[in-house]
Amino acid sequence: MGPAHQYSYMYNPLHLTKPVTFQTFINSAMDFFFFFLLLLPISSILFSPHWINAQPSPGYYPSFSLRPVAFYQGFTNRWGPQHQWVSRDQSSLTIWLDKNSGSGFKSIQAFQNGYFAASIMLQRGYTAGVITAFYLSNNEAHPGFHDEVDMEFLGTKPGEPYTLQTNVYVRGSGDGRIIGREMKFHLWFDPTAAFHNYAILWNQREIIFFVDDVPIRRYPNRSPETFPLRPMWVYGSIWDASSWATDDGRYRADYRFQPFVAHFTHFVARGCTIAWQPRCRPPASSPSGFGLSWPQYAAMIWAQRRSLVYDYCRDPKRDHSLTPECR
């Protein structure tokens, strides 16, 4: 065969003057093949279920940037003092429920806005009918016509997860005829195994619920009729809600398992009180100040896709004329 037939001519995008030989082509293909093999372990990590399900970074961590307050500097007992224990350094609180009483605490000051958080560890085992709550309310100032923002842990039975219920009541929607705005979550971790941080950020634009700095829900201010704007206090409590807390009351508190205990620590109550309102700026919800950054928004979508088990706006049994924000 002549020299012209010793090459397999191929299109050369670099317009090389030397033609590409068949052996060169084979060598390049083998190089690519081995390179692909090297990528396989990386791709198996990137696209594995573990990676996809891993908690994303929100990129903003207010629980680390805001200093906690000693319990008696920011709070006081509200009820059940005999069922409440405060550590000597006032960094932690234990409250419990038995057949005699539960317990609750309240912030000393009312707030117009702010970031409110606590690290909480719940009790294992049978806790059906028992609610551990961390919330904002002005029920004492406006009885029968109050506002409230809730993070409530609904007790459970062995083998079933706790339900974290977030809720917003506005201008008496939690009084008389109840109009709840519940979103419920089964968390991506065991809340009885360690302390985790739970927070409510509230300002004139929005309410954001956080779990370990991951936003799980954002409730924007779309109308004064559906958004709480009056000052509220911070509360925490443990109490018997057997009539509805677990499977709509099917499972009730069983005091053979008493006491039911909740542990709180790392209290944060940072915001604008009524006295300081004219010259106070509320804590930021994101690096830009308001709203959520893209990493925070992505983290919220991840949390809702993984953990959201109920959304009042998607409940076909609800009368959504009473919750116009769902439209």
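Residues numbered from 1 in each chain as written. Predicted model: local features only at pLDDT ≥ 70, side-chain atom pairs only at ≥ 80, totals over all residues. Heavy atoms only, no water.

An unreviewed UniProt entry annotates the protein as Xyloglucan endotransglucosylase/hydrolase originating from Platanthera zijinensis. Listed under Function (unreviewed entry) in UniProt, the entry text for the protein is "Catalyzes xyloglucan endohydrolysis (XEH) and/or endotransglycosylation (XET). Cleaves and religates xyloglucan polymers, an essential constituent of the primary cell wall, and thereby participates in cell wall construction of growing tissues." (UniProt positions renumbered as here; feature names shortened; annotations may be inferred.)

Chemist: Which parts of the structure should I look at to understand unusual backbone geometry?
Modeler: Residues other than glycine predominantly adopt negative phi, and peptide bonds predominantly adopt the trans conformation. For the bond running from Gln-258 to Pro-259, omega is -5 degrees, close enough to zero to count as cis. Along the chain, Pro-259 falls in the loop between β13 (233-240) and β14 (260-273). In this structure, Gln-90 takes a positive phi of about 60 degrees despite not being glycine. Position of Gln-90 relative to the elements: it lies in the loop between β2 (84-86) and β3 (92-97). Even without a glycine there, the phi angle at Asp-248 is positive, about 55 degrees. Here Asp-248 shows up in the loop between β13 and β14. (Helix = DSSP H or I, 4+ residues; strand = E, 2+ residues; numbered from the N terminus.)

Chemist: What is the right way to look at the nonpolar core in this model?
Modeler: Nonpolar side chains in soluble globular proteins tend to end up buried together. Membership of the largest hydrophobic core comes to 50 residues, with the highest contact counts inside it found for Leu-164, Leu-187, Trp-188, Tyr-198, Ile-207, Val-211 and Phe-264. For Val-211, the contacting residues outside a window of four places in its chain are Met-151, Leu-164, Leu-187, Trp-188, Phe-189, Asn-197, Tyr-198 and Ile-216. By size, the runner-up hydrophobic cluster in this structure holds nine residues, among which are Ala-110, Ala-133, Leu-154 and Trp-233. (Core = buried A, V, L, I, M, F, W, Y, C linked by side-chain atoms within 4.5 Å. Buried < 20%, exposed > 50% of the residue type's maximum accessible area, 1.4 Å probe, protein only. Contact = heavy atoms within 4.5 Å.)

Chemist: Explain the pattern of salt bridges to me, please; I cannot follow it from the model alone.
Modeler: Two side chains carrying opposite charge are able to pair once their charged atoms lie near each other. Under the criterion given, the structure shown has 10 salt bridges. Taking the shortest distance from any N to any O, the salt bridge between Arg-230 and Asp-147 comes out at 2.8 Å. Of the two residues, Arg-230 is situated in the loop between β12 (214-220) and β13 and Asp-147 in the loop between β6 (130-137) and β7 (148-154); the sequence distance between them amounts to 83 residues. No difference in accessibility class separates Arg-230 from Asp-147, as the two residues are buried. The partner of Arg-256 in a salt bridge is Asp-254, and the shortest N-O contact between them spans 2.6 Å. (Salt bridge = Lys/Arg side-chain N within 4 Å of Asp/Glu carboxyl O.)

Chemist: Would you explain the sheet that holds β6 in this entry?
Modeler: For sheets, the rule is that strands pair by backbone hydrogen bonds, running either parallel or antiparallel. The strand order β1-β4-β13-β6-β7-β8-β9-β15 describes an open sheet built from eight strands, whose pairing is antiparallel. Unpaired on one side and paired on the other, β1 (75-79) and β15 (308-311) mark the two borders of the sheet. Averaged over neighbouring strand pairs, the angle between their axes works out to 20 degrees when direction is ignored. In this sheet, strand β8 (residues 163-169) lies alongside β7 in antiparallel orientation, the contact comprising seven bridges. Each residue of the ladder has a partner; that of Val-149, found in β8, is Val-168. Running at roughly 90 degrees to β15, helix α5 (residues 294-307) makes contact with β9 (183-185) and β15 of the sheet. (Pairing = 2+ DSSP bridges. Axes fitted to C-alpha atoms, helices over the stretch in contact; angles between N-to-C directions.)

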